[in-house]
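Take a look at the letters that make up each chain.
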Amino acid sequence: MSSGVNRVWQLAARPTGFPSPEDFRLVEEAVPAPGPGQVVVRNEVMSVDPAMRGRMNDVPSYVAPFQLDRPLDGGAVGTVVASESPDVPVGASVLHGLGWREYAVLDAGHTRVVDTTIAPASAYLGVLGMPGLTAYAGLLDVAHMRPDENVFVSGAAGAVGSLAGQIARLRGARTVIGSAGSPEKVRYLVDDLGFDGAFNYKEGPIRTQLKQLTPDGIDVYFDNVGGEQLEAALFRMNLHGRVAVCGAISQYNSPEPYGIRNLSLLISKRVSLLGFLVMDHWDRRQAFVEEMSGWLREGKVKVSETFVDGIGHAVDAFLGMLRGENVGKMIVRLADPGEPV
Ligand SMILES: NC(=O)c1ccc[n+]([C@@H]2O[C@H](COP(=O)([O-])OP(=O)(O)OC[C@H]3O[C@@H](n4cnc5c(N)ncnc54)[C@H](OP(=O)(O)O)[C@@H]3O)[C@@H](O)[C@H]2O)c1
C-alpha cells in the first residue's frame, strides 16, 4: 500500500502566548492497518484552524484539549487506500477529523464520503465545509441579518470572514464593511470580494476608522476577533443591533484579556450579543450547501485559499495562519490524489 511510513504531528509542549515551532514534534510511525469496520485514508489536504490554539491549553472546553506527546487532529480530506468496511470502499474520497498526519485509520462511520469531481477536496474544509457553515449560520441564524441592513465583519479576509461578508452581500445587506490586517487584504476585500469598504486594523485607530466607514451605524456585527474591535463595534451598533460572537482570535495568544469597557451600551441600544458554535448548527448544513453551491455555480462567491505544501510544513501553516499570512482558508496540501501510494 505504501512505503510504510506515516509522519504525524504531536504536541510536544503547551504553548504560552504565541506558539513556537518547538511546541510541536513530527514523528514517524508505521502506516496503520485497518481493523474490522475501519478504513485507512491517505490524507491529501488538511485544515489548520484558530480553534486548535485553544485546544493546546489544558483547560476544559467544548472539545477536549490536545494531549501532550499525542497526535494533533483536525479536519482533513483524503482517499481511502485500504478498507475493511463495505460502506466506504478503496478509492472513495472522505472528509474526517484525523488531520496532522499522512495516513489516518478510523472507523468508516467517522468519515463522510465527498465528491471531489464537483468541488476540489479543499472546498470541503472551507467554502463547503465547517467555515462556510459557520459564516452562513452565524449571519443568518444567530445574527438574523435582514436585507437592507448594515453589516460589519472583522477578520474579513479569512476563511469564515470572507464568506460571511459575501453571504451578507448576496442576502441583500445594504452595506458590508470589513477589517483585516494588511493593505493588500483591504484592497482584496473591496476590489475582489465586493465589500463596500474596509480598513486595516493595524493602521490607525480602530474606532475612528470604523466610524468613518459606518456613517449609518451597524445593524449586524459578525465578530471573528473580539477585543478592541468588538469594543469599537459596540460604539457603532444601531438600536436593536445583533452581534454574532464567532471568535476572538485577537485574544487567543494574548497573556492579558482585553477588557471591553462599554458593555452598558447593550442596554441603552437593546443590542444582543450572542456567542455560537457551528456544531450546534449542523441541521442547517443541507440548506447551506444547496445555497452556497448555487452561488458557486453562478460565480457569485469568490473562493480564496492559501496553500502550504507538505506535512513537514503543517506547523508553519498553523503559525502563519495565526500571524495572518493566509487569504481565505489556510490549507496544507499533503499529496496529490493522482500520486502513486
Ligand atoms: N464559533 C464557531 O463555531 C467557529 C467556527 C470556526 C471559526 N471560528 C472563529 O472564527 C474566527 C476566524 O476563523 P477562520 O478559520 O476563518 O480563521 P482565518 O480568519 O482564516 O485566519 C485567522 C486570521 O485571524 C487574523 N488575526 C490574527 N491575529 C489577529 C488579531 N490580533 N486581531 C485581529 N485579527 C487577527 C489574521 O488575519 P489578519 O491579517 O486580518 O490579522 C488571520 O488570517 C476565529 O476567531 C475562529 O476561532 C469560530
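Structure: see above.
This one's a predicted model, so the numbers in the text were calculated from it and none came from an experiment.

Here is what the cut-offs are and how they apply
- Residues numbered from 1 in each chain as written.
- Predicted model: local features only at pLDDT ≥ 70, side-chain atom pairs only at ≥ 80, totals over all residues.
- Heavy atoms only, no water.
- Helix = DSSP H or I, 4+ residues; strand = E, 2+ residues; numbered from the N terminus.
- Buried < 20%, exposed > 50% of the residue type's maximum accessible area, 1.4 Å probe, protein only.
- Phe/Tyr/Trp six-rings, centres within 6.5 Å; stacked < 30°, edge-to-face > 60°.
- Lys NZ or Arg CZ within 6 Å of the ring centre and 35° of its normal.

Trainee: Would you take a moment to explain unusual backbone geometry for this structure?
Mentor: Of note in the backbone geometry, Trp100 takes a positive phi value of approximately 65° without being a glycine. Its location among the elements puts Trp100 in the loop between strand S5 (93-96) and strand S6 (103-107). The class for Trp100 is buried, based on a relative accessible area of 0%.

Trainee: Explain the packing of aromatic side chains here, please?
Mentor: What characterises a pair of aromatic rings is the spacing of the ring centres plus the angle enclosed by the ring planes. The tally for this structure, following the rule as stated, stands at six aromatic pairs. Ring centres 5.4 Å apart and planes at 55° place the aromatic pair Tyr136 and Phe288 in the tilted group. Of this pair, Tyr136 sits in helix H2 (residues 130-142) while Phe288 sits in helix H9 (residues 285-297); the two residues are 152 residues apart in sequence, bridging distant segments of the chain. Judged on exposure class, the residue Tyr136 and its partner Phe288 are both buried. The structure contains a cluster of three or more aromatic residues connected by ring pairs, namely Phe24, Trp100 and Phe318. Over the ring of Phe235 we find Arg207; its NZ or CZ atom is 3.5 Å from the centre of that ring. The side chain of Arg333 reaches across the aromatic face of Phe307, ending 4.2 Å from its centre.

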